[in-house]
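# Analysis of the macromolecular model
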Amino acid sequence: MSVYNFRLIEKKWQEYWSKNNTFKVEVDSSKPKFYVLDMFPYPSGAGLHVGHPISYIASDIYARYKRHKGFNVLHPQGYDSFGLPTEQYAILTGQHPEKTTKININRYRNQLDKMGFSYDWSREIRTSDTDYYKWTQWMFILLFNSCYDLNLDRAVNINKLVKIFKNQGNENINFYCEENILKFTSKDWDSFSKQKKEEILQKYRLAFISYTEVNWCEKLGTVLANDEIVNGVSERGGFEVTKKKMEQWSIRIGAYAERLLSGLKKIEWSDSIKDIQKNWIGKSTGYSLSFKIYNSKSELQVYTTRPDTIFGVSFLAVSPDHELISQLTIDKYKKNVDSFVKSFKLKSERDILTKINNSSGIFTGSYAIHPLTGNKIQIWIADYVLSSYGYGAVMCVPCGDERDFKFAKKYKINIINIFKNINISTKPHTEKIYDELINSDFLNGLNYEEANQKIGLKLEKNNIGFKNVKYKIRDSVFSRQRYWGEPIPIYFKNGIPHSLKKDDLPLKLPVIKNFLPTPEGNPPLGNAKIWAWDEKKRIVVDKKYIDNINIFPLELSTMPGWAGSSWYFNRYMDPKNKLNFVGSRELNYWKEVDLYIGGIEHASGHLLYSRFWQKFLYDFNLVPTDEYAKKLVNQGMILGNSAFIFRTSKSNTYISKNLVNDNQYERVRVDISLVNENDELDIEKLKKWLPEFKDANFKLENGKYIVAREIEKMSKSKFNVINPDDICKKYGADTLRLYEMFLGPIEQSKPWSMSSISGVHNFLKKTWKLFHLRDNFEISKNDPSVNSLKSLNKAIKKVNEDIQKLSFNTCISSLMICVNELLDQKCNSLVILKPLLILISPFAPHFSEELWSLIGSKSTIANEKFPDHDDSYLIELTKNYPISFNGKLRFKKELSMDLSNESIEKIIMSDKKTNFYLNGQKPKKIIIIKGKIINIVV
RNA sequence: GCUCGGGUGGUGGAAUUGGUAGACACGUUGGACUUAAAAUCCAAUGACCAUUGCGGUCGUGCGGGUUCAAGUCCCGCCCCGAGUACCA
């Protein structure tokens, strides 16, 4: 009896690969390059589950395929070892993050090696290594010392701006800045204090510090970026997030909004991810208008995308933290306004979410003048107006906007209808489609397009407003009040931030005992004794010397998780370089990632930040392309099948699923290893699992305890994790790899189920059998039959196409068909053996390489050439197609002609290269169904 | 609410982009081998009707339409998933 002994095979080749560095690559200009990248994992404590490798398997198949195709393939792996998840795990287990990181990485590596990936491990990187984060810090300094020149549309050194200020003040400058800065001359600039100068420069720096409102998460003890908050709570842990004003570092990603948007056109990323990024950037084109305030010299700026509705404006609204509030509020209303503003500031992120569509506000007592009608209109403070978008003030058109409508109804403000034949008594008309405007002076009678154009011209002509583009994307908060991250290389001299220099780096994370965050937001680095900067000696020294003349406090917060992951793909090209973040020879050879595979959950986080970061580096000629990944594929998640048992309230009795008839039960998660595939619970195992179940009682149905199931995200805390190690042990790595690819399309999420794993395992066994008789390698020496070659060439063609499309499930299907057909024909010849092995090898690397060695090939399969299919075997099929013609021929349109059976046969025989003409035209397509000609398309 | 995806057998999923729907695999049923089990192999397997045979009808969420031909295109609904959320 023959045995497919995957254990022996896999062990042998894993050892061979690591001993021989089989997958090590170097720059080789004689070969075309190809760069296949996985999103590197966070080494969290839970280890890998079967969901993780799905993308690694896909990328590994592609990398192996490309090697066969003659490419020099860069396929590296590393660890995103800084950041919240690692630190949370460290805190949870009471160990230092440095230690847990090492342990976790070893565990990951062990698991990865078992699955036979073809990574070049000599290029491994860890974001928490000083040799790595030195460069992250260096890039931060570069951001700090840069501003965005809108004329050149790129980042430039801040000194350029300083020079301009010195020579001509800030009149007529075109640098990216969201705030209005008072005009000053070159003389003014010279007279400004250092502090004042820096205050102005901070508005332009791409990395800057400011006292701003941030998302504060008390439980995590840190601020969070917008993309780290989901449904009003923290993404990690699901804790409450509130607003808090704090001194923070931020990155001016908004300067790159337009380029981040337009760059999407040149990359092959999925539409869904492009949509998410487009939404996140949120470009809109509208008009900035200024409303004069009645009895005042001030003006109120608003932004609108609907200038056509300007005659429907019946009030203005400003956000509760608008800078003009104190000026606008008249004494009579002051008390009420103050208390309204105060209560608004106490609201948490989640409060605001639940208050949507139930907005409230208060009248300031002052009025603005409508720029076209001259009417007096009320100015309100409304909590639905966002301070961070536009000018924090809006013109309100109740007849055309849902929020304005509700607000006007609630506070009984006048509603003007400007749409002819549209009833707005119960709901506003929010669409841009209407027949005619009314009550709109010179816009009366016009539709949307006409009105929009006419009002635009008028606004600009009368200097009321100007066309303006706005983006939703906000500055990204860059400080984390956490320990386990890159220290921000900044020290403060008289309150002014100064960056370290390149030679000062790395600024090493100090070793401290107490690295827990504090609820007040004091960063753990505040606990470090040796954490002050000696400007003269350029070293870190004890804080007690801070009163000395050259010694200054260092920044206490660290960088967020996305800092290190925003440029790691460049470091893989040259990971050991001491002089530069990557060498120019390597950079010019590898250039960019050709295929990037990873989860879609990073769409508005890592995948956006890294594009920004790359563009920034590109602006300084540090990288050759401004988009780092040509093609991106998002793999779907593998979901777990959690199990629940039911506890009667306040007792220790558990009752079987179908006996539960009311809500008097608590659902309790149990580990899925305690449950078999028929949902029966192993009660004895459960009792040993956790002490709380030791003395539990159970109510059974038909002598069994049946659990409830639920499909959800795979996670250790949900006790629904399947460990790939267990599957490797039972079926082998090749079966696991094949199976994960066979489950369905790579992009799709799917629940894990073991039910059909025997199918792919059988396929491997059959392939083995194709070349073995009993335990001995044995193949026929006969020439292959035509049918065998047909099957083989069909498979070669399909496999080629499918791998390129990353359609691995259909690819495996065609391999299964091929092997089945070859088994039937019992024609196992060397001629077909070679190409078949290469076909299978990207999926089952150990298995086929074992066969290579058996047939005596000296080379490893990595060097074999992927076969091309031979068309002549495929055309054969067409020739044998049964042809008969009876009945009427029907043609499209006026075409008609008589065809005999014979002439049709001719058409078919000559295939697409036919010389047959129909009414002087060459047929595009001849449709034959069940041997009958249905139609000829010309 | 808005913006994207997507609804195909008992299950996971195919379908050359408008051309024989259900490939491939799981599961199920029957059979062979076996003292027996496992393993392996063979056959059947969308539903319904007809079965001695041939065969027939209906079938890709629902309702219409275009076409010789629709899972695929168009119009109107229903449901599921993802992203986003007072963005003026």
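Preceding this section is the structure that the text describes.
The structure reproduced in this document is the subject of the present report. (Residues numbered from 1 in each chain as written. Chains lettered and ligands numbered in written order. Predicted model: local features only at pLDDT ≥ 70, side-chain atom pairs only at ≥ 80, totals over all residues. Heavy atoms only, no water.)

This next bit is on the side chain of Ser366. In this fold, Ser366 is placed in strand S13 (residues 361-369). From its side chain, Ser366 meets the backbone oxygen of Leu328 in a polar contact 2.8 Å long. Here Thr364 takes part through its side chain, which lies 3.2 Å from a polar atom of the side chain of Ser366. (Helix = DSSP H or I, 4+ residues; strand = E, 2+ residues; numbered from the N terminus. Polar contact = N/O pair within 3.5 Å; in protein donor to acceptor, adjacent residues only side chain to side chain.)

Attention now goes to the pairing of strand S25 (residues 638-648). Here S25 lies mainly inside the structure; ten of its eleven residues are buried. Bridge count for S25 against strand S30 (residues 750-751) is two bridges, and the pairing is parallel. The residue of S30 that forms the bridge with Ile638 is Lys750. Examined bridge by bridge, S25 and strand S27 (residues 665-670) share six bridges and lie antiparallel to one another. In the sheet register, Phe646 faces S27, and the bridge partner there is Arg667. (Buried < 20%, exposed > 50% of the residue type's maximum accessible area, 1.4 Å probe, protein only. Pairing = 2+ DSSP bridges.)

A word on the sheet that holds strand S22 (residues 551-553). One open sheet holds the three strands; their spatial order is S21-S20-S22, and the pairing between them is antiparallel. Strands at the two margins of the open sheet, each flanked by one partner only, are strand S21 (539-541) and S22. With strand direction ignored, the average angle separating the axes of adjacent strands in the sheet is 40°. In the sheet, strand S20 (residues 532-534) pairs with S22 via three bridges, with the strands oriented antiparallel. By the bridge assignment for S22, Asp534 is matched with Ile551. (Axes fitted to C-alpha atoms, helices over the stretch in contact; angles between N-to-C directions.)

As a further point, take the packing of aromatic side chains. In the structure shown here, the tally under the stated rule is 65 aromatic pairs. Residues Trp689 and Phe693 carry aromatic rings whose centres are separated by 6.0 Å and whose planes lie at 10° to one another, so their mutual orientation is stacked. You can call Trp689 partly exposed: its relative accessible area is 23%. A centroid spacing of 6.2 Å and a plane angle of 80° characterise the contact between Phe808 and Phe843, whose relative ring orientation is edge-to-face. Residue Phe808 is found in helix H25 (residues 808-825), and its partner Phe843 is found in the loop between helix H26 (830-840) and helix H27 (845-854); the two are separated by 35 residues along the sequence. There is no split in this pair, since Phe808 and Phe843 are both buried. (Phe/Tyr/Trp six-rings, centres within 6.5 Å; stacked < 30°, edge-to-face > 60°.)

Moving on, we get to helix H24 (residues 786-805). An α-helix turns once every 3.6 residues. As a result, residues three or four positions apart point the same way. An ideal rise of 1.5 Å per residue puts 28 Å on 20 residues; H24 measures up with 29 Å between its terminal C-alpha atoms. Among the residues making up H24, those that are buried are Ser788, Leu789, Lys790, Ser791, Leu792, Asn793, Ala795, Ile796, Val799, Asn800, Asp802 and Ile803. Following H24 by one or two positions, Leu806 adopts a phi angle in the positive range, close to 55°. (Expected span 1.5 Å × (residues − 1).)

To continue, consider the sheet that holds strand S6 (residues 222-224). Spatially, S6-S5-S9-S17 is the arrangement adopted by the four strands of the open sheet, whose pairing is antiparallel. Whereas interior strands pair on both sides, the edge strands pair on one side only; in this sheet they are S6 and strand S17 (476-477).

Let's shift gears to the nonpolar core. The biggest cluster of nonpolar side chains holds 85 residues, and the ones touching the most others in it are Trp249, Tyr256, Phe478, Tyr568, Phe581, Tyr596 and Trp613. No other element matches helix H5 (residues 130-144), which puts ten residues into this core. What Tyr256 contacts, discounting residues up to four positions off in sequence, is Tyr148, Ala155, Leu206, Phe612, Lys615, Phe616 and Asp619. The next biggest cluster of nonpolar side chains, apart from the first, holds 79 residues, and it includes Leu738, Ile757, Leu789 and Ile832. (Core = buried A, V, L, I, M, F, W, Y, C linked by side-chain atoms within 4.5 Å. Contact = heavy atoms within 4.5 Å.)

In this structure, Pro506 follows Leu505 across a cis peptide bond, with omega equal to 0°. Within the element layout of this structure, Pro506 appears in the loop between strand S19 (496-499) and S20. Even without being glycine, Asp153 reaches a positive phi, approximately 55°. Within the element layout of this structure, Asp153 appears in the loop between strand S3 (146-149) and strand S4 (154-157). Even without glycine at this site, Phe719 takes up a positive phi of about 55°. Topologically, Phe719 is positioned in the loop between strand S29 (708-713) and helix H21 (724-731).

Turning next to the pattern of salt bridges. Pairing between side chains becomes possible if they bear opposite charge and their charged atoms approach one another. All told, the structure shown has 42 salt bridges when counted by the stated rule. For Lys283, the salt bridge identified is with Glu258, shortest N-O distance 2.9 Å. Residue Lys283 is found in the loop between helix H10 (271-281) and strand S10 (284-293), and its partner Glu258 is found in helix H9 (residues 257-262); the two are separated by 25 residues along the sequence. Asp802 serves as the salt-bridge partner of Lys798, at 3.0 Å between the closest nitrogen and oxygen. Remark: Asp802 and Lys798 occur in helix H24; sequence separation between them is four residues, near one turn of the helix. Since its relative accessible area comes to 1%, Asp802 is described here as buried. (Salt bridge = Lys/Arg side-chain N within 4 Å of Asp/Glu carboxyl O.)

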